[in-house]
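Structural features, examined
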Amino acid sequence: MNGTIRVGNLFGIPFYIHPSWFLVLGLVTWSYSSGLAAQFPQLSAGLALLLGLMTALMLFASVVAHELGHSFVAIGQGIDVKSITLFIFGGLASLEKESKTPGEAFWVAIAGPIVSLLLCGIVTAIGVTTAASGPLAAILGVLASVNLALALFNLIPGLPLDGGNILKAIVWKITGNSYKGVTFASRVGQIFGWVAILSGVLPLLLFGNSGNFWNLLIGFFLLQNAGNSAQFARVQEKLTGLTAEDAVTHDSPIVSANLTLREFADERVISGQNWHRFLVTDDDGQLVGAITVDNLRTIPTALWSETQVKEVMRPITESTTVQSDQPLLEVMQLLEQQKLSVLPVIRENGVLVGILEKAAIIQLLQSQTQPNPA
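Note that the structure is a prediction, hence the values are computed from the model and not measured.

Thresholds, definitions, all that
Residues numbered from 1 in each chain as written. Predicted model: local features only at pLDDT ≥ 70, side-chain atom pairs only at ≥ 80, totals over all residues. Heavy atoms only, no water. Pairing = 2+ DSSP bridges. Helix = DSSP H or I, 4+ residues; strand = E, 2+ residues; numbered from the N terminus. Axes fitted to C-alpha atoms, helices over the stretch in contact; angles between N-to-C directions. Contact = heavy atoms within 4.5 Å. Core = buried A, V, L, I, M, F, W, Y, C linked by side-chain atoms within 4.5 Å. Buried < 20%, exposed > 50% of the residue type's maximum accessible area, 1.4 Å probe, protein only.

Examining the sheet that holds strand β3 (residues 81–87)
Neighbouring strands of a sheet are bound in pairs by backbone hydrogen bonds; such pairs are parallel or else antiparallel. Pairing within the open sheet is mixed, and its four strands lie in the order β1-β2-β3-β4. Looking along the sheet, the strands with just one partner apiece sit at the ends: β1 (5–10) and β4 (90–95). Between one strand axis and the next, the sheet turns through 25° on average, direction left out of account. As paired elements, β1 and strand β2 (residues 13–17) share five bridges and run antiparallel to each other. Bridge pairing links Arg 6 to Tyr 16 in β2. Each of β1, β2 and β3 touches helix α1 (residues 20–39); the most contacted strand, β3, lies at about 45° to it.

Encoded structure:
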């Protein structure tokens, strides 16, 4: 997963860490250990470092708890959580699919900030009720303030933050169109991204102050991800209502299992067709296998006239096919996930419709964006 390291499972959810997280862990540990050492001179350097590391780990545990909040609500809605990943800007829970209704989407989005606010309240209550003092009080104060900041920052109403997903759900509810919600929340996210970038650039240009450099990173993060969300929403909207059959390639490379290899070579290969792989069907039109040009080389040419395609073909499993009525958006995601460029399309009774190429989906999207001639 893009260089991430899998470290195990959390409640059955795959848990990953991006290498950048270790850099952040080191910086946070050093920062808090230095702060504790300055605030409490009686602490030894080793103990301050240990307390700084514990604080950093508890802070990241808070981020994980935030993402688990999203995950548990999604699981309650029947949505599979593919992974939780810690990276330089925090955490990310990767969900299998979107919620079915704006109300459900709202609760998935707001669950994370609610968890962070609850943690802030719990840690604050522990500090007050136990009358903690010294380094323990300082650590509790840091945990409470960071969880509060985590909740408030994520409530900024722009994608990809939780507040953006909340805004998306609200616009979805008002308009009845989830894609309009994504588009609107993405634009708001881009606005906040530019604001964050300007808040980092202007002090640097005007006063030579680089103290807001982190704002630049956050701004670029918001701009990139908000733009990606808007682009994906446009793709989703264009593919809505289309099925796999709508993108099947005309004159797909299909041959009968009863053809001889000589007939196959003459009709399909030598005739100038540029396909290297052909799907094989039986007398009922059902998909039974596939044959490639290379398969011909396994049989001496003298035997081509008496050898049928079905004797040379390779079987195809159901996992490598898609149903003709399957939503085209799901097919596109399947192609991306499995790194495929072509998939056979069959009907419910197994009859082959043709092949679906990734390039055909791209052409379909491009044709929908072109203006109609007057």
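Considering the nonpolar core
Membership of the largest hydrophobic core comes to 33 residues, with the highest contact counts inside it found for Phe 15, Trp 21, Leu 36, Phe 60, Ile 84 and Leu 86. For this core, the secondary structure elements donating two or more residues are β2, α1, α2 (45–76), β3, α3 (102–129) and α4 (134–154). Of the residues forming this core, the biggest block, eight residues, is contributed by α2. Contact partners of Phe 60, with chain neighbours within four places excluded, come to Trp 21, Val 24, Leu 25 and Leu 86. Residues Val 235, Leu 328, Leu 334 and Ile 361 belong to the second largest nonpolar core, which totals 17 residues.

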